[in-house]
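Take a look at the letters that make up each chain.
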Amino acid sequence: MKFATKAIHAGVEPDPSTGAIMTPIFQTSTYVQEGIGKHKGYEYSRTKNPTRTPLEKNIAALENGQFGLCFASGMAATDAVLKLLKPGDEMVVCNDLYGGTYRIMTKVFEIFGLKAHFVDMNEPALLEQYINPNTKLIWVETPTNPLLNLIDIQEVAKISQKHNILLCVDNTFATPYLQNPLDLGADIVMHSMTKYLGGHSDVVMGALVVNQEELYQKLAFIQNACGAVPSPHDCFLMLRGIKTLHVRMDRHSQNGEAVAKFLNENPKVDKVYWIGLPNHQNHDIARKQMRGFGGMVSFTLKGDKIEDAIRVMESFEVFALGESLGGVESICTHPATMTHGSIPKAQREANGLKDTLIRLSVGIEDAQDLIEDLRQAIDKI
Ligand SMILES: *Cc1c(COP(=O)(O)O)cnc(C)c1O
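Residues numbered from 1 in each chain as written. Predicted model: local features only at pLDDT ≥ 70, side-chain atom pairs only at ≥ 80, totals over all residues. Heavy atoms only, no water.

## Some details on the site of the ligand
Looking at the ligand, there are 13 residues lining it, with Met75, Asp170, Ser192, Thr194 and Lys195 nearest. At 2.8 Å from an oxygen atom of the ligand is found a side-chain nitrogen or oxygen belonging to Ser192. For the ligand, an oxygen atom lies 2.6 Å from a polar atom in the side chain of Thr194. Against a free-state accessible area of 380 Å², the protein chains account for coverage of 92% of the ligand. When residues of the shell around the ligand are traced back to their parent elements, those giving at least two are helix H3 (74-82) and strand S6 (188-192). Residues of the shell around the ligand, tallied by class, amount to five nonpolar, five polar and three charged. (Near = heavy atom within 4 Å. Polar contact = N/O pair within 3.5 Å; in protein donor to acceptor, adjacent residues only side chain to side chain. Areas by Shrake-Rupley, 256 points an atom, 1.4 Å probe, with all protein chains shown as cover. Helix = DSSP H or I, 4+ residues; strand = E, 2+ residues; numbered from the N terminus. Nonpolar A, V, L, I, M, F, W, Y, C, P; charged D, E, K, R; others polar.)

And the structure:
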(Lines give C-alpha, C1' and ligand atoms only; values in the text may rest on other atoms or scores of the structure.)
Protein backbone atom coordinates (compact mmCIF):
# COMPACT_ATOMS: atom_id res chain seq x y z
CA MET A 1 0.00 0.00 0.00
CA LYS A 2 1.11 3.55 -0.72
CA PHE A 3 1.39 6.21 1.98
CA ALA A 4 -2.00 7.93 1.57
CA THR A 5 -3.86 4.63 1.70
CA LYS A 6 -1.89 3.49 4.73
CA ALA A 7 -2.53 6.77 6.54
CA ILE A 8 -6.26 6.16 6.28
CA HIS A 9 -6.52 2.36 6.50
CA ALA A 10 -3.44 0.69 7.98
CA GLY A 11 -4.25 -1.11 11.23
CA VAL A 12 -7.85 0.10 11.19
CA GLU A 13 -10.76 -2.37 10.72
CA PRO A 14 -14.48 -1.61 10.98
CA ASP A 15 -15.65 -2.43 14.51
CA PRO A 16 -16.73 -6.12 14.40
CA SER A 17 -19.64 -5.68 16.82
CA THR A 18 -21.33 -2.76 14.98
CA GLY A 19 -19.57 -2.13 11.67
CA ALA A 20 -18.60 1.38 12.83
CA ILE A 21 -16.07 2.63 10.28
CA MET A 22 -14.26 4.76 12.86
CA THR A 23 -12.42 2.95 15.64
CA PRO A 24 -14.55 3.39 18.78
CA ILE A 25 -13.15 5.02 21.91
CA PHE A 26 -12.84 1.99 24.17
CA GLN A 27 -13.02 3.96 27.40
CA THR A 28 -12.45 0.98 29.65
CA SER A 29 -9.76 0.04 32.11
CA THR A 30 -10.44 -3.68 32.21
CA TYR A 31 -12.02 -6.55 30.23
CA VAL A 32 -14.26 -9.39 31.34
CA GLN A 33 -12.57 -12.77 31.03
CA GLU A 34 -14.59 -15.86 30.11
CA GLY A 35 -12.48 -18.02 32.35
CA ILE A 36 -9.05 -17.98 33.92
CA GLY A 37 -6.63 -17.05 31.12
CA LYS A 38 -9.50 -16.96 28.57
CA HIS A 39 -9.72 -13.47 27.08
CA LYS A 40 -9.81 -11.74 23.70
CA GLY A 41 -6.26 -10.35 23.90
CA TYR A 42 -7.06 -7.54 26.31
CA GLU A 43 -6.71 -7.77 30.09
CA TYR A 44 -5.95 -4.25 31.35
CA SER A 45 -5.72 -0.95 29.47
CA ARG A 46 -2.22 0.02 30.61
CA THR A 47 -0.97 -3.06 28.79
CA LYS A 48 -3.24 -2.86 25.74
CA ASN A 49 -6.35 -1.02 24.67
CA PRO A 50 -8.41 -1.61 21.49
CA THR A 51 -8.31 2.09 20.51
CA ARG A 52 -4.53 2.17 20.98
CA THR A 53 -3.78 -1.06 19.09
CA PRO A 54 -4.96 0.21 15.65
CA LEU A 55 -3.01 3.43 16.19
CA GLU A 56 0.17 1.49 17.05
CA LYS A 57 -0.27 -0.61 13.91
CA ASN A 58 -0.94 2.50 11.86
CA ILE A 59 2.17 4.42 12.92
CA ALA A 60 4.26 1.26 12.42
CA ALA A 61 2.93 0.95 8.85
CA LEU A 62 3.65 4.62 8.10
CA GLU A 63 7.26 4.17 9.22
CA ASN A 64 7.65 0.91 7.26
CA GLY A 65 8.21 -0.83 10.60
CA GLN A 66 6.88 -4.03 12.14
CA PHE A 67 5.95 -2.77 15.60
CA GLY A 68 4.60 0.48 17.02
CA LEU A 69 4.14 1.67 20.60
CA CYS A 70 2.26 4.79 21.66
CA PHE A 71 3.02 6.81 24.79
CA ALA A 72 1.43 9.62 26.77
CA SER A 73 3.88 12.13 25.24
CA GLY A 74 6.96 12.33 23.06
CA MET A 75 9.05 12.60 26.22
CA ALA A 76 7.49 9.40 27.60
CA ALA A 77 8.57 7.63 24.40
CA THR A 78 12.12 8.98 24.81
CA ASP A 79 12.06 7.94 28.48
CA ALA A 80 11.28 4.34 27.43
CA VAL A 81 14.22 4.28 24.99
CA LEU A 82 16.62 5.55 27.67
CA LYS A 83 15.38 2.85 30.06
CA LEU A 84 16.87 0.24 27.69
CA LEU A 85 20.23 1.38 29.09
CA LYS A 86 21.78 0.65 32.48
CA PRO A 87 24.13 2.55 34.83
CA GLY A 88 27.55 2.99 33.25
CA ASP A 89 26.21 2.96 29.69
CA GLU A 90 26.96 5.87 27.41
CA MET A 91 25.23 7.50 24.48
CA VAL A 92 26.32 9.78 21.66
CA VAL A 93 23.73 12.45 20.93
CA CYS A 94 23.57 15.16 18.27
CA ASN A 95 24.32 18.51 19.92
CA ASP A 96 21.53 20.47 18.22
CA LEU A 97 18.36 18.91 19.65
CA TYR A 98 15.01 19.40 21.32
CA GLY A 99 15.53 21.02 24.73
CA GLY A 100 13.39 18.45 26.55
CA THR A 101 15.53 15.63 25.17
CA TYR A 102 18.68 17.37 26.42
CA ARG A 103 16.98 17.90 29.79
CA ILE A 104 15.87 14.30 30.34
CA MET A 105 19.31 12.98 29.34
CA THR A 106 21.26 15.34 31.61
CA LYS A 107 18.92 16.17 34.51
CA VAL A 108 17.10 12.85 34.87
CA PHE A 109 19.17 9.99 33.51
CA GLU A 110 22.62 11.28 34.49
CA ILE A 111 21.53 10.69 38.11
CA PHE A 112 20.86 7.06 37.20
CA GLY A 113 24.37 6.67 35.80
CA LEU A 114 23.94 7.26 32.05
CA LYS A 115 26.44 9.48 30.29
CA ALA A 116 25.57 11.48 27.17
CA HIS A 117 28.16 12.97 24.81
CA PHE A 118 26.63 15.83 22.80
CA VAL A 119 28.40 15.92 19.46
CA ASP A 120 28.21 17.86 16.20
CA MET A 121 27.06 15.22 13.68
CA ASN A 122 27.51 17.33 10.55
CA GLU A 123 30.52 15.10 9.89
CA PRO A 124 29.21 11.67 10.95
CA ALA A 125 32.70 10.12 10.77
CA LEU A 126 33.79 12.34 13.67
CA LEU A 127 31.33 10.77 16.09
CA GLU A 128 33.31 7.54 16.11
CA GLN A 129 35.85 9.02 18.51
CA TYR A 130 33.15 9.18 21.22
CA ILE A 131 32.35 5.48 20.93
CA ASN A 132 33.74 3.07 23.49
CA PRO A 133 32.67 -0.38 24.78
CA ASN A 134 30.06 1.26 27.04
CA THR A 135 28.33 3.11 24.19
CA LYS A 136 24.86 1.62 23.74
CA LEU A 137 22.84 4.30 21.97
CA ILE A 138 23.25 6.93 19.26
CA TRP A 139 20.52 9.59 19.22
CA VAL A 140 19.86 11.68 16.15
CA GLU A 141 17.31 14.43 15.54
CA THR A 142 16.94 15.63 11.95
CA PRO A 143 15.86 18.23 10.86
CA THR A 144 16.83 20.11 14.02
CA ASN A 145 15.10 22.90 15.85
CA PRO A 146 15.24 25.86 15.18
CA LEU A 147 18.15 26.04 12.70
CA LEU A 148 16.93 23.16 10.55
CA ASN A 149 20.28 21.42 10.27
CA LEU A 150 20.22 17.94 8.78
CA ILE A 151 22.15 14.83 9.72
CA ASP A 152 22.84 12.10 7.18
CA ILE A 153 21.03 9.13 8.76
CA GLN A 154 22.58 6.53 6.43
CA GLU A 155 26.10 7.68 7.30
CA VAL A 156 25.37 7.54 11.04
CA ALA A 157 23.72 4.12 10.63
CA LYS A 158 26.90 2.74 9.02
CA ILE A 159 28.76 3.65 12.22
CA SER A 160 26.06 2.39 14.62
CA GLN A 161 25.88 -0.93 12.74
CA LYS A 162 29.66 -1.34 12.63
CA HIS A 163 29.81 -0.98 16.43
CA ASN A 164 26.53 -2.79 17.10
CA ILE A 165 24.97 0.21 18.85
CA LEU A 166 21.27 1.11 18.74
CA LEU A 167 20.43 4.11 16.58
CA CYS A 168 17.31 6.09 17.50
CA VAL A 169 16.07 8.91 15.26
CA ASP A 170 13.63 11.59 16.45
CA ASN A 171 11.54 11.96 13.29
CA THR A 172 9.11 14.56 14.68
CA PHE A 173 9.95 17.43 12.30
CA ALA A 174 10.02 15.34 9.11
CA THR A 175 7.09 12.98 9.85
CA PRO A 176 6.93 9.56 8.14
CA TYR A 177 5.51 11.28 5.06
CA LEU A 178 8.80 13.00 4.34
CA GLN A 179 11.38 10.63 5.86
CA ASN A 180 11.58 6.99 7.05
CA PRO A 181 14.63 6.47 9.30
CA LEU A 182 14.18 2.66 9.58
CA ASP A 183 14.64 2.41 5.80
CA LEU A 184 17.88 4.38 6.21
CA GLY A 185 19.29 1.99 8.84
CA ALA A 186 17.93 3.27 12.17
CA ASP A 187 16.77 0.76 14.82
CA ILE A 188 14.18 2.95 16.54
CA VAL A 189 12.08 5.86 15.28
CA MET A 190 10.76 8.22 17.92
CA HIS A 191 7.93 10.73 17.41
CA SER A 192 6.33 13.53 19.28
CA MET A 193 2.92 12.82 17.73
CA THR A 194 1.81 16.06 19.39
CA LYS A 195 3.12 17.94 16.36
CA TYR A 196 2.39 17.05 12.71
CA LEU A 197 0.97 13.55 13.26
CA GLY A 198 -1.87 14.84 15.44
CA GLY A 199 -1.74 18.03 13.41
CA HIS A 200 -4.52 19.95 15.17
CA SER A 201 -2.79 21.13 18.37
CA ASP A 202 -5.20 19.14 20.53
CA VAL A 203 -3.31 16.02 21.66
CA VAL A 204 -0.01 15.34 23.45
CA MET A 205 1.33 11.90 22.49
CA GLY A 206 4.49 10.04 21.51
CA ALA A 207 5.44 6.91 19.58
CA LEU A 208 8.24 4.46 18.93
CA VAL A 209 8.51 2.21 15.89
CA VAL A 210 10.96 -0.69 15.49
CA ASN A 211 11.53 -3.69 13.23
CA GLN A 212 13.24 -6.12 15.60
CA GLU A 213 10.85 -8.26 17.65
CA GLU A 214 13.21 -8.57 20.62
CA LEU A 215 13.65 -4.82 20.83
CA TYR A 216 9.88 -4.37 20.58
CA GLN A 217 9.33 -6.82 23.45
CA LYS A 218 11.80 -4.93 25.64
CA LEU A 219 10.15 -1.59 24.89
CA ALA A 220 6.64 -3.01 25.36
CA PHE A 221 7.78 -4.37 28.73
CA ILE A 222 9.04 -0.90 29.74
CA GLN A 223 5.83 0.71 28.44
CA ASN A 224 3.68 -1.59 30.54
CA ALA A 225 5.99 -1.61 33.58
CA CYS A 226 6.38 2.18 33.72
CA GLY A 227 2.89 3.01 32.49
CA ALA A 228 3.12 6.26 30.48
CA VAL A 229 0.32 5.27 28.09
CA PRO A 230 -2.07 7.56 26.19
CA SER A 231 -5.80 7.64 26.89
CA PRO A 232 -8.26 5.92 24.53
CA HIS A 233 -9.77 9.30 23.68
CA ASP A 234 -6.37 10.72 22.72
CA CYS A 235 -5.70 7.63 20.59
CA PHE A 236 -8.98 8.27 18.77
CA LEU A 237 -8.02 11.90 18.11
CA MET A 238 -4.60 10.78 16.86
CA LEU A 239 -6.09 8.19 14.50
CA ARG A 240 -8.36 10.91 13.15
CA GLY A 241 -5.49 13.38 12.73
CA ILE A 242 -3.21 10.95 10.90
CA LYS A 243 -5.83 10.29 8.21
CA THR A 244 -5.00 13.68 6.65
CA LEU A 245 -1.26 13.72 7.34
CA HIS A 246 -0.24 13.44 3.67
CA VAL A 247 -2.65 16.16 2.55
CA ARG A 248 -1.57 18.49 5.33
CA MET A 249 2.15 17.88 4.76
CA ASP A 250 1.84 18.68 1.06
CA ARG A 251 0.22 21.99 1.94
CA HIS A 252 2.71 22.70 4.76
CA SER A 253 5.51 22.14 2.25
CA GLN A 254 3.89 24.36 -0.42
CA ASN A 255 3.22 27.14 2.06
CA GLY A 256 6.72 26.71 3.54
CA GLU A 257 8.17 27.23 0.10
CA ALA A 258 6.05 30.31 -0.60
CA VAL A 259 6.97 31.86 2.76
CA ALA A 260 10.69 31.01 2.41
CA LYS A 261 10.83 32.56 -1.07
CA PHE A 262 9.07 35.71 0.11
CA LEU A 263 11.41 36.09 3.09
CA ASN A 264 14.46 35.38 0.93
CA GLU A 265 13.64 38.44 -1.17
CA ASN A 266 12.68 40.79 1.68
CA PRO A 267 15.37 43.49 2.13
CA LYS A 268 15.00 43.55 5.95
CA VAL A 269 15.53 39.81 6.28
CA ASP A 270 19.08 38.58 6.76
CA LYS A 271 19.09 34.77 6.53
CA VAL A 272 16.32 32.29 5.75
CA TYR A 273 16.46 28.69 6.95
CA TRP A 274 14.25 26.34 4.95
CA ILE A 275 15.65 22.99 3.88
CA GLY A 276 14.12 23.30 0.40
CA LEU A 277 16.18 26.38 -0.50
CA PRO A 278 19.06 25.33 -2.78
CA ASN A 279 21.41 27.53 -0.71
CA HIS A 280 20.52 25.72 2.56
CA GLN A 281 23.75 24.20 3.88
CA ASN A 282 22.28 20.67 3.97
CA HIS A 283 20.02 20.86 0.92
CA ASP A 284 21.84 17.87 -0.64
CA ILE A 285 21.07 15.69 2.42
CA ALA A 286 17.43 16.83 2.28
CA ARG A 287 17.24 15.71 -1.35
CA LYS A 288 18.87 12.39 -0.51
CA GLN A 289 16.87 11.30 2.53
CA MET A 290 13.62 13.27 2.43
CA ARG A 291 10.70 13.37 0.03
CA GLY A 292 9.77 17.01 0.64
CA PHE A 293 10.83 19.96 2.73
CA GLY A 294 7.98 20.73 5.13
CA GLY A 295 6.66 23.89 6.68
CA MET A 296 9.30 24.81 9.27
CA VAL A 297 10.97 28.09 8.29
CA SER A 298 13.29 30.21 10.45
CA PHE A 299 14.72 33.62 9.61
CA THR A 300 16.86 36.41 11.07
CA LEU A 301 16.57 40.17 10.63
CA LYS A 302 19.31 42.49 9.45
CA GLY A 303 20.92 44.53 12.24
CA ASP A 304 20.40 41.74 14.78
CA LYS A 305 18.32 43.84 17.19
CA ILE A 306 16.18 41.75 19.54
CA GLU A 307 13.58 44.58 19.74
CA ASP A 308 13.02 44.24 15.99
CA ALA A 309 12.28 40.53 16.29
CA ILE A 310 9.88 41.16 19.16
CA ARG A 311 8.18 43.99 17.21
CA VAL A 312 7.66 41.72 14.21
CA MET A 313 6.31 38.87 16.29
CA GLU A 314 3.94 41.10 18.25
CA SER A 315 2.63 42.60 14.98
CA PHE A 316 1.48 39.34 13.42
CA GLU A 317 -2.26 38.99 12.88
CA VAL A 318 -2.43 35.47 11.43
CA PHE A 319 0.69 33.86 12.94
CA ALA A 320 -0.01 33.11 16.62
CA LEU A 321 2.83 33.58 19.10
CA GLY A 322 3.43 30.38 21.01
CA GLU A 323 5.41 27.21 21.51
CA SER A 324 4.87 23.94 19.66
CA LEU A 325 4.54 23.36 15.94
CA GLY A 326 3.00 21.13 13.32
CA GLY A 327 -0.62 22.22 13.68
CA VAL A 328 -2.90 23.40 10.87
CA GLU A 329 -2.56 26.97 12.20
CA SER A 330 0.59 29.05 11.70
CA ILE A 331 2.63 29.69 14.83
CA CYS A 332 5.74 31.79 15.44
CA THR A 333 8.26 31.25 18.22
CA HIS A 334 11.17 33.37 19.44
CA PRO A 335 13.80 30.75 20.35
CA ALA A 336 16.18 33.19 22.10
CA THR A 337 13.60 34.08 24.75
CA MET A 338 11.27 31.07 24.60
CA THR A 339 12.50 27.57 23.77
CA HIS A 340 16.25 28.29 24.06
CA GLY A 341 16.17 31.05 26.70
CA SER A 342 17.99 28.93 29.27
CA ILE A 343 21.09 28.69 27.04
CA PRO A 344 23.48 31.64 27.67
CA LYS A 345 23.54 34.20 24.82
CA ALA A 346 27.23 33.58 24.01
CA GLN A 347 26.64 29.86 23.66
CA ARG A 348 23.44 30.40 21.67
CA GLU A 349 25.31 32.59 19.21
CA ALA A 350 28.22 30.17 19.00
CA ASN A 351 25.65 27.58 17.90
CA GLY A 352 24.43 30.02 15.24
CA LEU A 353 21.21 31.03 17.04
CA LYS A 354 20.87 34.80 16.85
CA ASP A 355 18.56 36.96 18.96
CA THR A 356 16.54 37.98 15.90
CA LEU A 357 15.87 34.42 14.80
CA ILE A 358 12.15 33.86 14.37
CA ARG A 359 10.89 30.32 13.91
CA LEU A 360 7.73 29.78 11.91
CA SER A 361 5.61 26.66 11.88
CA VAL A 362 3.86 27.50 8.63
CA GLY A 363 0.30 26.23 8.76
CA ILE A 364 -2.11 25.34 6.00
CA GLU A 365 -3.95 28.65 5.70
CA ASP A 366 -3.91 30.52 2.39
CA ALA A 367 -0.27 31.22 1.47
CA GLN A 368 -1.08 34.74 0.27
CA ASP A 369 -2.60 35.67 3.64
CA LEU A 370 0.51 34.35 5.41
CA ILE A 371 2.80 36.37 3.14
CA GLU A 372 0.71 39.51 3.64
CA ASP A 373 0.94 38.99 7.40
CA LEU A 374 4.71 38.67 7.22
CA ARG A 375 4.95 41.73 4.95
CA GLN A 376 2.93 44.00 7.23
CA ALA A 377 4.75 42.80 10.38
CA ILE A 378 8.23 43.23 8.89
CA ASP A 379 7.23 46.67 7.55
CA LYS A 380 6.73 47.80 11.17
CA ILE A 381 10.51 47.84 11.77
C1 LIG B 1 7.86 18.37 21.00
C2 LIG B 1 9.06 17.54 20.70
C3 LIG B 1 9.45 16.50 21.55
C4 LIG B 1 8.71 16.18 22.84
O5 LIG B 1 7.45 15.70 22.61
P6 LIG B 1 6.17 15.93 23.61
O7 LIG B 1 5.07 15.32 22.86
O8 LIG B 1 6.06 17.42 23.78
O9 LIG B 1 6.51 15.25 24.88
C10 LIG B 1 10.55 15.75 21.19
N11 LIG B 1 11.25 16.02 20.06
C12 LIG B 1 10.90 17.03 19.23
C13 LIG B 1 11.70 17.27 18.00
C14 LIG B 1 9.81 17.83 19.53
O15 LIG B 1 9.48 18.84 18.71
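After that view, the rundown keeps rolling.
## Brief notes about helix H5 (residues 153-162)
Every buried residue belonging to H5 is among Ile153, Val156, Ala157, Ile159 and Ser160, and all of these are buried. Angular distribution of buried residues about the axis of H5 spans 160 degrees; they occupy a single face of the element. Along H5, exposed side chains directed more than 90 degrees from the buried face belong to Lys158, Gln161 and Lys162. As for H5, its buried residues are in contact with strand S4 (135-141), strand S5 (166-170) and helix H10 (283-289). Structurally, the start of H5 carries an N-cap: the backbone nitrogen of Gln154 is 3.2 Å from a side-chain oxygen of Asp152. Backbone geometry just downstream of H5 places Asn164 in the positive-phi region, at approximately 60 degrees. (Buried < 20%, exposed > 50% of the residue type's maximum accessible area, 1.4 Å probe, protein only. Arc of directions from axis to C-beta. Contact = heavy atoms within 4.5 Å.)

## Focus: the side chain of Ser160
Within the element layout of this structure, Ser160 appears in helix H5. Judged by relative accessible area, Ser160 falls into the buried class, the value being 0%. Separated by 3.0 Å, the side chain of Ser160 and the backbone oxygen of Ala157 make a polar contact. Other than its neighbours up to four places away in sequence, Ser160 contacts Ile138, Ile165 and Leu167.

## Some words on the sheet that holds strand S2 (residues 90-94)
The seven strands are arranged S1-S7-S6-S5-S4-S2-S3 in an open sheet whose pairing can be described as mixed. Of all strands in the sheet, those with a lone pairing partner are strand S1 (67-71) and strand S3 (115-119), marking the two edges. For this sheet, the mean inter-axis angle between neighbouring strands, taken without regard to orientation, is 20 degrees. Two strands pair when backbone bridges link them, and S6 and strand S7 (residues 206-210) are joined in this way by five bridges, in the antiparallel orientation. Its bridge partner being in S7, Ser192 is matched across the sheet by Gly206. Packing of helix H2 (residues 52-62) onto the sheet brings it into contact with S1, S6 and S7, and relative to S1 it is tilted by some 125 degrees. Contacts from H5 reach S4 and S5, with the element oriented near 155 degrees to S5. (Pairing = 2+ DSSP bridges. Axes fitted to C-alpha atoms, helices over the stretch in contact; angles between N-to-C directions.)

## Here's the deal with the packing of aromatic side chains
Under the criterion given, the structure shown has seven aromatic pairs. Between Tyr31 and Tyr42, the ring centres sit 5.6 Å apart and the planes meet at 35 degrees, which makes this aromatic pair tilted. Note that Tyr31 is positioned in the loop between helix H1 (3-9) and H2 and Tyr42 in the loop between H1 and H2, a separation of eleven residues in sequence. The exposure classification of Tyr31 matches that of Tyr42, with both residues buried. (Phe/Tyr/Trp six-rings, centres within 6.5 Å; stacked < 30°, edge-to-face > 60°.)

## Topic: the side chain of Thr51
Looking at the element boundaries, Thr51 is found in the loop between H1 and H2. Side-chain polar atoms of Thr51 contact the backbone oxygen of Pro24, separated by 2.9 Å. Looking at Thr51, its side chain comes within polar contact range of the main-chain nitrogen of Phe26, at 2.8 Å. Look past the residues within four positions of Thr51 in its chain and what remains in contact with it is Thr23, Pro24, Ile25, Phe26, Pro232, Cys235, Phe236 and Leu239.

## Here's the deal with the domain arrangement of the protein chain
Segmenting the protein chain into domains produces domain 1 (3-242) and domain 2 (245-378). Just the C-alpha atoms count here: the centres of domain 1 and domain 2 sit 26 Å apart. Of the residues lining the interface, 37 residues belong to domain 1; the matching set on domain 2 comes to 39 residues. At the boundary of domain 1 with domain 2, total buried surface from both sides reaches about 3200 Å², with 58% on carbon and sulfur atoms. For domain 1, the biggest contributors to the area lost against domain 2 are Leu147, Leu178 and Tyr196; these three give 25% of the whole. Counting across the domain 1 and domain 2 interface gives one salt bridge. For Lys288, the salt bridge goes to Asp152, with nearest N and O atoms at 2.5 Å. In this structure, the connection of domain 1 to domain 2 is made through 19 residue pairs in polar contact (both at pLDDT 80 or more). At the level of elements, H1, H5, helix H6 (175-178) and helix H8 (232-242) are the ones that each hand at least two residues to the side of domain 1 that touches domain 2. Taken together, the residues of the side of domain 1 that touches domain 2 break down into 21 nonpolar, 13 polar and three charged. (Domains from an automatic or database assignment. Buried area = accessible area lost by both parts, 1.4 Å probe. Salt bridge = Lys/Arg side-chain N within 4 Å of Asp/Glu carboxyl O.)

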